Amino acid sequence: MGVVASAGPIVQWSWVSSERSMIVSLLLQHIELTVIAVAIGLAIAVPLGIFAWKMPVARPPLIGVTGLIYVIPSVALLSLFAPLTGFFSITTAEVALVGYTLLILLRNTIAGLESVPADAQDAAQGMGYTPLQELMKVQLPLALPAILAGVRVATVTTIGLVTVTAFIGQGGLGQLIIQGFSEDFNTPIFVGLVLSVLLAGVADALIVGIQRISLPWVRRRRLAS
Amino acid sequence: MTVMISFEAVSKHYENDAKNAVENFSLDVDEGELSVLVGPSGGGKTTILRMVNRMVEPSSGRVLVGGQDVAKVDRVELRRRTGYVIQQAGLFPHLKVADNVASVPRLLGWDKARVHARVNDMLDLVGLNPAEFAGRYPNELSGGQAQRVGVARALAGDPPVLLMDEPFGALDPIARARLQQEFLALQERLHKTVMFVTHDVDEAVVMGNRIAVISQGGRLQQYDTPAQVLGRPATSFVADFIGADRGLRRLAVTPIEVGDLYAPPVVSPKTTVAQALVAVEASGDHWAAVASEDGRLLGWVEPGQVASAPSDNGSSTVERYMRPVGAGVSLDSSLKAAFAEMLQQDAAWVPVFDHDRYLGVLTPDTLHAALRRSVGGEPVPV
Amino acid sequence: MNFFSQVAQFLTTSSNWTGTNGFLAQLGRQIELSAVAVVAAVLAGVGLGAFLGHTGRGSFVVLNSANAARAIPSFALVTLIAIQPGIVRLQQGGFVAAAITMFALAVPPILTNAYVGVRDVDPAVRSAAVAMGMTPRQVLRQVEIPLALPVVMAGVRTASVEVVATATLAAYVGVADLGFNIFAGLDTRNNAETFSGALMVAVLALLVDLLLAGAARAVTPEGTRRTTRAARQRGTGLMWRQAAARS
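Nothing here was measured: the structure is a model prediction, and the numbers come from that model. (Residues numbered from 1 in each chain as written. Chains lettered and ligands numbered in written order. Predicted model: local features only at pLDDT ≥ 70, side-chain atom pairs only at ≥ 80, totals over all residues. Heavy atoms only, no water.)

Participant: Can you walk me through the overall build of chain A in this structure?
Facilitator: In terms of helices and strands, chain A carries 10 helices and 0 strands. Listed by position from the N terminus, the elements making up chain A come as α-α-α-α-α-α-α-α-α-α. For chain A, the C-alpha radius of gyration of 22 Å lies well beyond 17 Å, the compact-globule estimate for 225 residues. The principal-axis extents of the C-alpha atoms in chain A amount to approximately 75 × 50 × 35 Å. Counting across all 225 residues of chain A, residues that qualify as buried make up 53%. (Helix = DSSP H or I, 4+ residues; strand = E, 2+ residues; numbered from the N terminus. Rg over C-alpha atoms; globule rule 2.2 N^0.38 Å. Buried < 20%, exposed > 50% of the residue type's maximum accessible area, 1.4 Å probe, protein only.)

This is the structure:
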């Protein structure tokens, strides 16, 4: 094969070491954008999920709207929100990123609440839990595995989507991609890709770890026969 | 006897159902009594039970607990002082056994030390070692253990009233029988007022001081002691429901009484065969029990058989010819246990003991008489 | 002139619809790109997934790799491929780079669903087929595949919607599809143009989702159609669609 190494070797380590501090700060921005998006997504989706669960009438419109957002391409969604929240603003980026988490988190919250065993709820009422106590101490804790599973999917999805917000001046690691492409230079793109995948992997493992620690009752299996 | 729970002409109607779920239901449960609601599935038993802690509100009529109309009591308040045990135990899967049991005490605002002590007491009470079980999660328990925790949790707030909805219904027969006996022993000590729902007649007769037989639509067919319900079913519904083998069931619920027993002549082991023969002939029987001076049963002897044996001239003691007795039954067991023992040993009689003391024997005749005694005369054929 | 009338004006200007870079040509390219990627992914993914589901061999490795591949941002992949000398030299290098990226995006859901669909065929049905004397090939073709088809279709649908939506990125590497106006508008700060392009892509993605939902329903064997409620809970089903279909 002819070697026309216009894009350079796949990783040029000298570039990585000289740009280390920029890479780190972009990585941190990437994490920040992701964490904010998932946190806001949770703050919206969990109460909405509780509401939709208690009021089945509200479910089709809520799932419908969040589902609609989910289908819209990310680049398009960013641009659709931009006139409202400003082009090239972090708000626009977050609005879009939050929008994508909603469907997953909402569905999982509803599914989690629906999976709470009827007998446990019956027992809670029979023992004199008030509706609020029942929600906080029985229903939500029992819905937590499903909600956390949703957080897992939402987080990994968001990490991938954050790169796209580079088009409106945010993007964390996505900026490396834009830089590499405009300079016809492999290394930044590859670094962005690898760090993004690693970040997704670490986040995934972290959430699984949180699940393990905070939900010991899910993991421990029946010992007695 | 004070009435603890009282249903006054209670009906329950659901909007989407033409028939009443419960129809004009009245019933009194005495303080300290274990009252069983039994009937076919879907008959309204659970609906009736759940009116006591206002999980269901009656459409008409009143439910009184301790003389107070429950409709006038705050329902959360009411439920915290009413124990509630359900079929699947309803344990909270995300809480350890100790936290499950602590639920109501915490709702009642008890302090930590008191809750902790109470949890341990309750686990001990239901036969679960706190050191072993307090830290387990419900999915690490067997069905029987889970249900024990369910009972411990219901008792933790020390409620005067306990509602039990098919509590042992999901257990295998062996675990179920064991939990029934353990719960009865517990009830001996605690004297709670218990309402217990089951669709199983056998469970009803074993558990209940009184049984309310309920047909579709929550109609009360009969409310009486197990022996009366089995011996004198009030309606054809009751007779059908308790089944053709109700005679066998009656054996299970009729206790042995001293007056039921037959007393064969008793001889001491040192009596000669000739003397024993005289005693036996005087009683019109053909055998005698052999008992020691302090009343312990040693065996039995048939002096007539021995006397005709060529090797004996009647002067040796009965000790030599005494035959052993099989296991007897204790006075507080049921006629069924005695009958089972008789069949087991292929014997015509079975000795009855009060602890170690020999009291007499049960024979098929005395057994039959005891059954008739239990319902105050002839059973009513239905 | 306010923003939305600018958008309306852009969308109603006929020169924006015709020509090499007009909406109609863009639409054609976006569909072509998506179709190439999805068809290739179906060819590669369904066979492999069904095989894994049928035998169970090696499924752990393959499925986990597929899952990990989902974490690769398409944006990074498409640009990385596009700047490789071998691709740059091609006449339609951007299209090839985008097609490869979209293929990589489409394979995991298709593969996973084919695997799950075949694996989850009721074992009783499978053993009945074997007991009747069907060969393994017959079991696969006459029992497992028809029963797995709805699940496979759900995977194709997910993949297609993702691909159609993500194909917008191809405009960044020089394929003038529906992303063209979005990026052109971003470059020139023509917000109305960006918004118009975004609107077109959103509409296309929704149409594709609707269309494939219909197709998914059509391939579900009559006897195995689930109740509306169960289907809603299972699939990626969007309820607004059912509501729309009813009204």
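Once the structure has been displayed, the description carries forward.
Participant: What is the right way to look at the sheet that holds strand β2 (residues 20–30) of chain B in this model?
Facilitator: To summarise the sheet geometry, strands pair through backbone hydrogen bonds and adopt either a parallel or an antiparallel arrangement. Residues and elements named next belong to chain B. One open sheet holds the 4 strands; their spatial order is β2-β1-β4-β5, and the pairing between them is antiparallel. Where the open sheet ends on each side, the last strands, each with one partner, are β2 and β5 (68–69). Here strand β1 (residues 3–13) pairs with β2 via 7 bridges, running antiparallel. Residue pairing in the sheet places Val3 in a bridge with Asp30 of β2. Running at roughly 125° to β1, helix α1 (residues 45–52) makes contact with β1, β2 and β4 (60–65) of the sheet. (Pairing = 2+ DSSP bridges. Contact = heavy atoms within 4.5 Å. Axes fitted to C-alpha atoms, helices over the stretch in contact; angles between N-to-C directions.)

Participant: Just to check I follow, could you spell out the sheet that holds strand β12 (residues 288–291) of chain B for this structure?
Facilitator: All names here are of chain B. Strands sit in the order β11-β12-β13 across an open sheet of 3 strands; the sheet is mixed. Two strands lie at the open edges of the sheet, namely β11 (266–267) and β13 (297–301), each paired on one side alone. One ladder, built from 2 bridges, connects β11 with β12; its direction is parallel. Bridging across to β12, Val267 finds its partner in Val290.

Participant: Help me understand the pattern of salt bridges, please; the structure alone is not making it clear to me.
Facilitator: Where side chains of opposite charge bring their charged atoms close, a pairing between them can arise. Across all of its chains, the model carries 23 salt bridges over all chains by this definition. One salt bridge connects Lys270 of chain B with Glu319 of chain B, and the closest N-O pair in it is separated by 3.0 Å. Of this pair, Lys270 of chain B sits in the loop between β11 and α13 (273–283) while Glu319 of chain B sits in the loop between α14 (303–307) and β14 (329–330), and the two are 49 residues apart along the sequence. Look at Glu319 of chain B and you get partly exposed, because its relative accessible area is 38%. The partner of Glu144 of chain C in a salt bridge is Arg126 of chain C, with the nearest N and O atoms 3.0 Å apart. With Glu144 of chain C in helix α8 (residues 136–166) and Arg126 of chain C in helix α7 (residues 123–131), this pair connects stretches of sequence that are 18 residues apart. Residues Glu144 of chain C and Arg126 of chain C agree in their burial class; the two are buried. Each of Asp30, Glu33 and Arg210 of chain B takes part in salt bridges that share partners, so that together they form one network. (Salt bridge = Lys/Arg side-chain N within 4 Å of Asp/Glu carboxyl O.)

Participant: Honestly, the interface of chain A and chain B in this entry has me stumped. Any pointers?
Facilitator: Interface size is commonly expressed as the accessible area that is lost once the parts come together. Counting from both sides, the interface comprises 25 residues of chain A and, opposite them, 28 residues of chain B. Inspection of the region where chain A meets chain B yields 1 salt bridge. A salt bridge links Arg50 of chain B to Asp122 of chain A; the nearest nitrogen and oxygen atoms lie 2.7 Å apart. Viewed at the interface, chain B and chain A are joined by 8 residue pairs in polar contact (both at pLDDT 80 or more). When grouped by side-chain class, the residues that make up the side of chain A that touches chain B number 13 nonpolar, 6 polar and 6 charged. (Polar contact = N/O pair within 3.5 Å; in protein donor to acceptor, adjacent residues only side chain to side chain. Nonpolar A, V, L, I, M, F, W, Y, C, P; charged D, E, K, R; others polar.)

Participant: Could you clarify how one ought to interpret the nonpolar core in this entry?
Facilitator: In a soluble, globular protein the nonpolar side chains are often hidden away together inside. Within the largest apolar cluster, 105 residues are counted, with the highest numbers of intra-cluster contacts made by Phe167 of chain A together with Leu33, Phe75 and Phe183 of chain C. Contacts of Leu33 of chain C, omitting those with residues within four sequence positions, involve Phe95, Ala98, Ala99, Met102, Ala167, Ala170 and Asp177 of chain C. By size, the runner-up hydrophobic cluster in this structure holds 50 residues, among which are Ala154, Ala175, Leu186 and Ala204 of chain B. (Core = buried A, V, L, I, M, F, W, Y, C linked by side-chain atoms within 4.5 Å.)

Participant: Looking at this structure, how should I read the interface of chain A and chain C?
Facilitator: The partner chain C presents 43 residues to the 42 residues of chain A that form the contact. Counting the surface chain A buries against chain C, the share from its top three residues, Val71, Phe167 and Phe181 of chain A, is 18%. There are 0 salt bridges connecting chain A and chain C. Applying the counting criterion to the chain A and chain C interface returns 1 residue pair in polar contact (both at pLDDT 80 or more). At the level of secondary structure, the elements contributing two or more residues to the side of chain A that touches chain C comprise α3 (59–71), α4 (74–85), α5 (90–114), α8 (174–183) and α9 (186–214) of chain A. The element best represented in the side of chain A that touches chain C is α9 of chain A, accounting for 7 residues. Looking at side-chain class alone, the side of chain A that touches chain C contains 29 nonpolar, 10 polar and 3 charged residues. (Buried area = accessible area lost by both parts, 1.4 Å probe.)

Participant: Explanation requested: the packing of aromatic side chains in the structure shown.
Facilitator: Two aromatic rings are characterised by how far apart their centres lie and by the angle between their planes. Applying the stated rule across the entire model yields 21 aromatic pairs over all chains. For the pair Trp15 of chain A and Phe185 of chain A, a centre-to-centre distance of 5.8 Å together with 90° between the ring planes defines the contact as edge-to-face. Remark: Phe185 of chain A occurs in the loop between α8 and α9 and Trp15 of chain A occurs in helix α1 (residues 13–18); sequence separation between them is 170 residues. Neither residue differs from the other here; Trp15 of chain A and Phe185 of chain A are each classed as buried. Between Phe4 of chain C and Phe195 of chain C, the ring centres sit 5.7 Å apart and the planes meet at 85°, which makes this aromatic pair edge-to-face. (Phe/Tyr/Trp six-rings, centres within 6.5 Å; stacked < 30°, edge-to-face > 60°.)

Participant: How do you make sense of the packing of helix α7 (residues 131–162) of chain A against α9 of chain A when you look at a structure like this?
Facilitator: Each packed pair of helices is defined by two parameters, the angle between the axes and the distance between the axes. Residues and elements named next belong to chain A. Orientation of α7 relative to α9, taken along the N-to-C sense of each, is 170°, at an axis distance of 9 Å. Taken together, the axes of α7 and α9 lie roughly antiparallel to each other. Two secondary-structure elements touch here, α7 through Pro145, Leu148, Ala149, Val151, Arg152, Thr155, Val156 and Ile159 and α9 through Ser196, Leu199, Ala200, Ala203, Asp204, Ile207, Val208, Gln211 and Ser214. Within the contact of α7 with α9, the residues separate by chemical class into 11 nonpolar, 4 polar and 2 charged. (Parallel < 35°, antiparallel > 145°, perpendicular 65-115°, else oblique.)

Shape is all these values report; function is a separate question.
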